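# Breakdown of the fold
Given next are the chains, with one letter for each unit.
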Amino acid sequence: MSLVLASGSPRRKELLSMICPEFSVITSEVDESAITAPTPAETALALATAKCRAVAKDHPKDVVIGCDTVVDCGGEIFGKPADRDDAVRMLHALSGRAHQVHTGVCVCREEECKSFVATSTVRFYPIEEETIQAYADTAEPYDKAGGYAIQGTAALFCEGIDGCYYNIMGLPVSRLARLLREFR
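Residues numbered from 1 in each chain as written. Predicted model: local features only at pLDDT ≥ 70, side-chain atom pairs only at ≥ 80, totals over all residues. Heavy atoms only, no water.

In terms of burial, strand β3 (residues 63-73) is largely enclosed, as 11 of its 11 residues are buried. Here strand β1 (residues 3-5) runs beside β3; their pairing, made up of 3 bridges, is parallel. Following the sheet pairing, L5 is matched in β3 by I65. Sheet analysis places β3 next to strand β5 (residues 98-109), joined by 9 bridges and oriented antiparallel. When the bridges of β5 are listed, G66 appears paired with C106. Pairing of β3 with strand β4 (residues 76-78) involves 3 bridges; the strand directions are antiparallel. Bridging from a neighbouring strand, V71 pairs with F78 of β4. Taking the residues between adjacent antiparallel strands as the criterion, β3 and β4 are bridged by 2 residues, where G74 takes a positive phi near 65 degrees. (Buried < 20%, exposed > 50% of the residue type's maximum accessible area, 1.4 Å probe, protein only. Helix = DSSP H or I, 4+ residues; strand = E, 2+ residues; numbered from the N terminus. Pairing = 2+ DSSP bridges.)

Structure below.
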């Protein structure tokens, strides 16, 4: 089986290699701003499905994986921060409270498509203003949903996690591995 990851995320590539060491990467040209859904979890799934189907139409014999991760803070979607002010805004909103991380996953081969949403809850300690400003001055927040990397310095903010740790990084590894077994 040829496996294709429809994502350019370095974290997803690293995590997928835990399941399958050989796969190709083909990013989709999906206009993410045009995709909406009633809830953050449904939005993550809609985005993942659109990305997967966009790549799968050109690679019908391959098993294509599409993913998208959003941070859900009280029903508001936090994607990748647009700029430093946006990163600071997100970190202020996440400070001292729980939020959900939803990763939509869609897997297609030929006409068969299966999908799911994995949700993890992350609780942050209150983050001091000085720490928020210092973190926003690093490169870490800017290519991650919610403006933080749980596997990086933001580990210092984390009080606890309910759910899959790898989901927070952008790929629910064990659940995806189980789904891929259905495509052998």
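This part is about a nonpolar patch on the surface. Judged by side-chain polarity, M18, Y165 and Y166 come together as a nonpolar surface patch covering roughly 280 Å² of accessible area. Relative to the elements of secondary structure, Y165 occurs in helix α5 (residues 165-169). (Patch = residues over 30% accessible without salt bridge, like charges linked within 9 Å, V, L, I, M, F, W, Y side chains within 5 Å. Areas by Shrake-Rupley, 256 points an atom, 1.4 Å probe, with all protein chains shown as cover. Salt bridge = Lys/Arg side-chain N within 4 Å of Asp/Glu carboxyl O.)

In this structure, K51 sits in helix α2 (residues 40-56). Engagement of the side chain of K51 in a polar contact is seen with the side chain of D68, the distance being 2.5 Å. Sequence-distant contacts of K51, defined by excluding residues within four places in its chain, comprise A6, S28, V30, E32, C67 and D68. (Polar contact = N/O pair within 3.5 Å; in protein donor to acceptor, adjacent residues only side chain to side chain. Contact = heavy atoms within 4.5 Å.)

So, about the environment of T153. Relative to the assigned elements, T153 resides in the loop between α4 (129-136) and β7 (158-162). On the basis of relative accessible area, T153 is assigned to the partly exposed category, the value being 41%. Dropping the residues within four chain positions of it, T153 is found in contact with Y135 and E140.

Attention shifts here to the packing of helix α1 (residues 10-19) against helix α6 (residues 173-181). For the pair α1 and α6, the least separation of the axes is 10 Å and the interaxial angle reads 55 degrees. Relative to α6, the element α1 is oriented oblique. Considering the relative orientation of α1 and α6, their crossing is right-handed. In contact with L15, L16, M18 and I19 of α1, α6 contributes V173, L176, A177 and L180. Considered class by class, the residues forming the contact of α1 with α6 number 8 nonpolar, no polar and no charged. (Axes fitted to C-alpha atoms, helices over the stretch in contact; angles between N-to-C directions. Parallel < 35°, antiparallel > 145°, perpendicular 65-115°, else oblique. Left-handed = near helix turned anticlockwise from the far one by under 90°. Nonpolar A, V, L, I, M, F, W, Y, C, P; charged D, E, K, R; others polar.)

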